Amino acid sequence: MILISPTGCERIAQGDVHRSEPAALLRSVARVGGELFYDALVTRSSLSHYLKKSFAGRLDLGLLEYSHSTSHQPGAQYARLAFVSGELFPPGDPKQVYANVKVPVLVLYDEDPYVTFHGLRAFVLRNPNYQAERVAHTRGLPHIEARERTLRILRGFWDKLAADEAGERQRTQPHWVAAL
């Protein structure tokens, strides 16, 4: 499993609208003036403002156009409004959910305007199926901002998994199968 700048590690206070009064207020505003509110959220200018926060360098204009296009599809307003209102943040500690994952996990991270990773090292030490790789000089979208570096890290992770799996198969085969 690959997690890219995963939410729930440690939210930054001003970005955490989870289960708060502002979320309830946003839900009310969305119900009353939902279409106008949504239309203001998905202008190119607004999308550009928020996307720029996820890039250390220049904003990927293709991503801006994609975001604008997809945000104008039928029903698209529901996901965006759910995010802004905090409805996509489940109750409880997300690290507990992450700790229940038993498959090999690679976390890619660097700086992120919405999440900190101060506790990531300790989490990885407590959960040996996790490993973390920093993609330096990026923010929340390293797979877009630093494609080649991200791909090298992913290939290394997958190659190590394949080698570990091959070694495990060899160790668990009966002696007479290995001799064939």
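Residues numbered from 1 in each chain as written. Predicted model: local features only at pLDDT ≥ 70, side-chain atom pairs only at ≥ 80, totals over all residues. Heavy atoms only, no water.

*Asks:* For the environment of L51, give the residues involved together with the corresponding values.
*Replies:* You can see L51 is positioned in helix 2 (residues 44-52). Counting along the chain gives 89 residues from L51 to G140, while the straight-line C-alpha distance between them is 9.4 Å. (Helix = DSSP H or I, 4+ residues; strand = E, 2+ residues; numbered from the N terminus.)

*Asks:* Summarise the confidence of the model for the protein chain; cite the residues concerned and give the values.
*Replies:* Averaged over all residues, the pLDDT of the protein chain equals 82, while 79% of them reach at least 70. Across residues 13-20 the pLDDT falls below 50, and counting only partners more than four positions away or on other chains, this stretch makes 13 contacts in the model. (pLDDT = per-residue confidence, 0-100. Contact = heavy atoms within 4.5 Å.)

*Asks:* Report on the packing of aromatic side chains, specifying residues and quantitative values.
*Replies:* Throughout the structure, instances matching the rule amount to two aromatic pairs. A centroid spacing of 5.2 Å and a plane angle of 45° characterise the contact between Y109 and F117, whose relative ring orientation is tilted. When its relative accessible area of 12% is taken as the criterion, F117 is described as buried. Between F123 and Y130, the aromatic rings sit 4.9 Å apart at their centres with planes inclined by 80°, giving edge-to-face as the arrangement. (Phe/Tyr/Trp six-rings, centres within 6.5 Å; stacked < 30°, edge-to-face > 60°. Buried < 20%, exposed > 50% of the residue type's maximum accessible area, 1.4 Å probe, protein only.)

*Asks:* Let's hear about the nonpolar core: which residues, and what values?
*Replies:* Ranked by size, the top nonpolar core spans twelve residues in total: L3, Y98, A99, V101, V105, V107, V115, F117, L120, F123, V124 and Y130. Of all the secondary-structure elements, those providing two or more residues to this core are helix 5 (94-99), strand 3 (105-109) and helix 6 (120-126). Here the element with the most residues in this core is helix 6; it accounts for three residues. Residue contacts for V101: discarding those within four places in its chain leaves M1, N129 and Y130. (Core = buried A, V, L, I, M, F, W, Y, C linked by side-chain atoms within 4.5 Å.)

*Asks:* Run through the pairing of strand 3, naming residues and quoting values.
*Replies:* Of all five residues that make up strand 3, four are buried, and the element is covered over most of its length. Of the pairings in the sheet, the one linking strand 1 (residues 2-4) to strand 3 comprises three bridges and is parallel in character. Within the sheet, the bridge partner assigned to L3 lies in strand 3 and is V107. Judged from the five bridges that link them, strand 3 and strand 5 (residues 130-134) form a sheet pairing that is parallel. Of the residues in strand 5, the one forming a bridge with V107 is A132. (Pairing = 2+ DSSP bridges.)

*Asks:* Requested: an account of helix 3 (residues 61-70), with residues and values cited.
*Replies:* Residues spaced three or four apart along an α-helix face the same direction, because each turn holds 3.6 residues. Among all positions in helix 3, only L63, L64, S67 and H68 are buried. Buried residues of helix 3, viewed axially, fall in a sector of 135°; they line one side. Packing partners of the buried residues in helix 3 comprise helix 2 and helix 7 (142-145). For helix 3, the N-terminal cap is D60; the gap from its side-chain oxygen to the backbone nitrogen of G62 is 3.0 Å. (Arc of directions from axis to C-beta. Polar contact = N/O pair within 3.5 Å; in protein donor to acceptor, adjacent residues only side chain to side chain.)

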